[in-house]
Amino acid sequence: MRPGCQLYLGIQSPCDSQRNKLSTFRTMEEFKNFENQAGWRPGAEPGIDPSKPDGGQSTAPSLQAQCHITVVDFSQEDLQAHQLSNHELIDFVKVPQPSWAKCRWINVNGLSWDVIQALGAHKNLDPLNIEDTMTTENLPKVDWHQDQAFITLTCQKLVHQIEDEHDNESNGDKWNSNGLGTVKSMTKKIRKWFVGEEIEQPPTPSSIEKGFNLPTNSSNYSSMSADIDLFNPNRLCTLQGYRASRNVARTEYMEDHSVLAPRGLAVMVEQVSLFMTKDTVISFFEQSADDVEKPILARLSSKSTVIRQSCCASMVVQAILDAIIDMAMPVTSCYADVLGDLELDVLQRPNTADTQKLYVIINDINKIFGLINPIQTLVKTLRDRAKLAQKAATQKSQNFHQGITISSITYPYLGDVYDHCVLVTGDLSSLKQSAENMSQLIFNTVMTKQSSTMTSLSIMSAIILPLMLMTSYFGQNFHDFPAVNDYDVRYFWHIAIPVVIGTILIIKYNTWYEFLGGFFQRGRKRRVRKVRWAKVVRKT
């Protein structure tokens, strides 16, 4: 029997009533509004097995895209690069790696199940890490295995917005069909006439980089049709859309009112997954593989670079991490520029409307900081691992873990990446503090102005109230009133002015007292300084 339940004979106990009430609730069995990936259900088998056509899941993964794949085989003396498609990669991995190649880098731009399955089966990649690769909202981390390591992190970069003329025309037709297009255009013309130039409206992030429409909700990612192009608009994700809540209206509002929108800029975020084996690095990007690939290929093409001389998979990983962090630096610089312009406006003419912009900036900076800070911890972890390898190589320790690890040659270069992370996070912290200080300055300035206004009103009241009192006194309707009948208007002012002055002195007693006290105290300090200076002069 449950505690607190008594036995009732012939009647229904409160416990039975509560039990019947609870039995009316049913467990929710449809998870379409909550799932992060297609086919997800609570209690499903973890991991995706690349050796099985359906990945070991109840339904085959529907992630399909035309990927751009670059395979680079290199040694100290030779280098070969191959540009492959999805089907070409499946045949390419069946061919053994050339014997002269000391290291191989497979760079995949786009996420597609057939590519991931082929590479996963070829290198025997861990099923849990494959699932993390296909689920594009993971936290940065590193997983160590006996024969491989898995690293996932986010890549954030600054991109230009490109307005889609087709969307603008369709939107214009929609406005005109409702009879509101003329009103909107007339309002714009009137504002242009008053200001003297065209008002730059904050463009919505309708098109990014390739001119495709940009969604504001990452929930559309799962609704991908087969054989889509690499630059799918449903896979582009802005800063506010990445790991966003289900409140689409809030995400759209934050993006429309972004401080970067009037400049035609936006911050894009995507997940990057890296697999590292003894002599191979496999990198998966959603969209930005070319931005990382170009500088690294330029370094690999020169035989004198460290990455080419080392022929080490760890150095390739370090180069990818360094490129990702370097792409985040323009983001902080852009926000610093925006805050600098806004700071001038706040200092010259504080306005409470600027607090909305400052709130959006602080929200963006917090989100960027939340993406960069875990990467800083990840780089530190890799650096510590490289330090252990360096120490073991120096002492020739036999107890060091002999599985996959970060080579000792990578240690100083990972330190450089870590310094860049510290620089970016430090700049973000400074920008956030600056934005918060500006918000406080605006409110303090507004409150000071209101306080000075109330002070002026109080002074006016101190002057007017005695006059009103005297006016009401002399305005009494008496037939025999000598003060009015025997004297002129000057008699009123002879009485009113001393009364007003006396009232002001009484009301402002504390102010006058503090002023006089400060005046005499400053005079005393000046006399003390003169005496002290005279003593110094006599000693010299």
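This text goes with the structure placed above it.
Predicted model, so just to flag it, every value in this text is computed and none were measured.

Student: Sorry if this is basic, but what is going on with the overall build of the chain here?
Tutor: Within the chain, the regular secondary structure consists of 15 helices and nine strands. The proportion of buried residues among the 540 residues of the chain is 40%. Residue pairs in contact within the chain that sit at least 24 positions apart in sequence constitute 73% of those at least 6 positions apart. When the accessible area of the chain is evaluated, it comes to approximately 31,700 Å², of which 56% is carbon and sulfur surface.

Student: Would you mind showing me how to read the packing of aromatic side chains here?
Tutor: Centre distance and the angle of the planes are the two values used to describe a pair of aromatic rings. Taken as a whole and assessed by the stated rule, the structure comprises three aromatic pairs. Where F275 meets F284, the ring centres are 6.2 Å apart and the plane angle is 85°; that geometry is what we call edge-to-face. Seen in terms of ring centroids, F519 and F520 are 5.7 Å apart; in terms of plane orientation they differ by 75°. Their pairing is edge-to-face. For F519, a relative accessible area of 43% puts it in the partly exposed group. An aromatic cluster is defined as three or more aromatic residues linked by ring pairs; in this entry it consists of F150, F275 and F284.

Student: What's the story with helix α14 (residues 490–507) in this structure? I'm lost.
Tutor: Count 3.6 residues to each turn of an α-helix, and residues three or four apart come out pointing the same way. When the terminal C-alpha atoms of α14 are compared, their 26 Å separation across 18 residues agrees well with the 26 Å that a helix rising 1.5 Å per residue should span. Listing the buried residues of α14 in full gives F492, A496 and V500. Buried residues of α14, seen end-on, are gathered within an arc of 50° and therefore sit on one face of the element. The outward face of α14, more than 90 degrees from its buried face, is lined by the exposed residues R490, H494 and I506.

Student: What is the right way to look at the sheet that holds strand β5 (residues 149–160) in this model?
Tutor: The strands that make up a sheet are held in pairs by hydrogen bonds between backbone atoms, and each pair lies either parallel or antiparallel. Taken together, seven strands build an open sheet; the order of strands is β2-β1-β3-β9-β8-β5-β4 and the sheet is mixed. Looking at which strands have only one partner, the edges of the open sheet turn out to be β2 (79–84) and β4 (141–144). Each strand of the sheet is rotated relative to its neighbour by a mean of 20°, with strand direction disregarded. Across six bridges, the pairing between strand β3 (residues 103–109) and strand β9 (residues 280–285) is parallel. By the bridge assignment for β9, I106 is matched with I282. Running at roughly 160° to β9, helix α3 (residues 113–123) makes contact with β1 (68–74), β3 and β9 of the sheet.

Student: What is the right way to read the pairing of strand β8 (residues 265–276) from this model?
Tutor: Consecutive residues of a regular strand have side chains that alternate between opposite faces of the sheet. Within β8, twelve of the twelve residues are buried, which leaves the element mostly enclosed by the surrounding structure. Here β8 shows no split at all, with L265, V267, V269, Q271, S273 and F275 on one side and A266, M268, E270, V272, L274 and M276 on the other all buried. In this sheet, β8 lies alongside β5 in antiparallel orientation, the contact comprising twelve bridges. Residue pairing in the sheet places L153 in a bridge with V272 of β8. Pairing of β8 with β9 involves four bridges; the strand directions are antiparallel. Within β9, the residue paired with F275 across the bridge is I282.

Student: Would you mind going over the environment of H122 with me for this structure?
Tutor: Relative to the helices and strands, H122 is located in helix α3. Judged by relative accessible area, which is 35%, H122 ranks as partly exposed. Residues H122 and I90 lie 32 residues apart in sequence; the distance between their C-alpha atoms is 9.4 Å.

Student: Explanation requested: the pattern of salt bridges in the structure shown.
Tutor: Under the definition given, this model contains seven salt bridges. Salt-bridge contacts for D143 lead to K141; the nearest nitrogen and oxygen are separated by 3.3 Å. A salt bridge links R263 to D341; its shortest N-O distance comes to 2.6 Å. Here the residue R263 occupies a position in the loop between α7 (248–256) and β8, and D341 occupies one in helix α10 (residues 313–348), the gap between them amounting to 78 residues. Since its relative accessible area comes to 34%, R263 is described here as partly exposed. Among the ionic contacts, a cluster of salt bridges with common partners joins D132, K141 and D143.

Student: What is the right way to read the pairing of β5 from this model?
Tutor: Burial within β5 is extensive, with ten of its twelve residues counted as buried. As paired elements, β4 and β5 share four bridges and run antiparallel to each other. Bridge assignment links V142 to a residue of β5, and that residue is I151. What sits between β4 and β5 in their antiparallel hairpin is a turn of four residues.

Student: Is there a simple way to explain the packing of helix α8 (residues 289–300) against α10 in this structure?
Tutor: To describe two helices that pack against each other, one gives the angle between their axes and the distance between the axes. Close contact between α8 and α10 brings their axes to 10 Å; oriented N to C, the two are set at 130°. When the interaxial angle is binned, α8 and α10 end up oblique. When the axes of α8 and α10 are compared, the crossing they make is right-handed. Contacts from D291, V292, I296 and R299 in α8 reach Q318, A319, I320, A323, I324 and M327 in α10. Grouping the constituent residues of the contact of α8 with α10 by class yields seven nonpolar, one polar and two charged.

Procedures and definitions
- Residues numbered from 1 in each chain as written.
- Predicted model: local features only at pLDDT ≥ 70, side-chain atom pairs only at ≥ 80, totals over all residues.
- Heavy atoms only, no water.
- Helix = DSSP H or I, 4+ residues; strand = E, 2+ residues; numbered from the N terminus.
- Buried < 20%, exposed > 50% of the residue type's maximum accessible area, 1.4 Å probe, protein only.
- Contact = heavy atoms within 4.5 Å.
- Areas by Shrake-Rupley, 256 points an atom, 1.4 Å probe, with all protein chains shown as cover.
- Phe/Tyr/Trp six-rings, centres within 6.5 Å; stacked < 30°, edge-to-face > 60°.
- Expected span 1.5 Å × (residues − 1).
- Arc of directions from axis to C-beta.
- Pairing = 2+ DSSP bridges.
- Axes fitted to C-alpha atoms, helices over the stretch in contact; angles between N-to-C directions.
- Salt bridge = Lys/Arg side-chain N within 4 Å of Asp/Glu carboxyl O.
- Parallel < 35°, antiparallel > 145°, perpendicular 65-115°, else oblique.
- Left-handed = near helix turned anticlockwise from the far one by under 90°.
- Nonpolar A, V, L, I, M, F, W, Y, C, P; charged D, E, K, R; others polar.

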